[in-house]
Amino acid sequence: GAPPRKAQPYLSPSGPLRDRRWFVLRDTALAWYNTDDDHTLQAPPKVMLSMSGYTVRETVEPGPARRSALMLLPRAVLAQPTEAPERAALAPKSWYIRAETDDETQRWLELLTVAIHRADQQQAAGMAGPSRER
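Draft legend 1. Main features of unusual backbone geometry. Backbone geometry at Asp27 places phi at a positive 55°, although glycine is not the residue there. One non-glycine residue, Gln42, adopts positive backbone phi at about 60°. Looking at the secondary structure, you find Gln42 in the loop between α1 (36-40) and β4 (47-50). A residue is classified by how much of its surface remains accessible, and Gln42, at 72% relative accessible area, is exposed.

Structure below.
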């Protein structure tokens, strides 16, 4: 397959430099590293997130820069946004990410959309399972 795509560091609009993270897309999973060095040195990712059950939406980050950003949202949370707080704590996490440039953020939107579609197809095929005809 194609080599993994690596995002530029993400910097939270209101956060300090320590909020930067590195993401690598591997087929249908998004790996999160604290630094580029962690990825380069093949350290295990801090989080490995399956794209199945997620949706990606475009947004614009707040503030005067108005930079393009992405929200990676679990569809289950979108379907039931008023869940009880104790259940919401167990729900999959939402992610807010952006690349160094708007063009790169747009490329990530395309790549994540394909990865989500592929992950959902794989999950549907796995759930169908083998035929049990006799």
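Draft legend 2. Quick look at the nonpolar core. Among the nonpolar cores identified, the biggest contains 20 residues, and Leu30, Met51, Leu72, Trp108 and Leu112 are the most heavily contacted of them. Sort the elements by how many residues they give to this core and helix α4 (residues 102-128) lands first, with seven residues.

Reading the values: the criteria
The residue numbers shown here count from 1 along each chain, following its written sequence. Local features in this predicted model are restricted to residues of pLDDT 70 or higher, and side-chain atom pairs are both shown and tallied only at a pLDDT of 80 or more, whereas totals for entire chains, interfaces and linings draw on every residue. Water and hydrogen atoms play no part in the side-chain values, which are based on all heavy atoms of the structure. Under the DSSP-based scheme used, a helix requires at least four consecutive residues in state H or I and a strand at least two consecutive residues in state E, with every element numbered from the N terminus. For each residue, the accessible area found with a 1.4 Å probe, counting protein chains only, is set against the maximum for its type, and the residue is called buried under 20%, exposed over 50%, and partly exposed in between. Each nonpolar core is a collection of buried residues, namely Ala, Val, Leu, Ile, Met, Phe, Trp, Tyr and Cys, held together in the definition by side-chain atoms within 4.5 Å.

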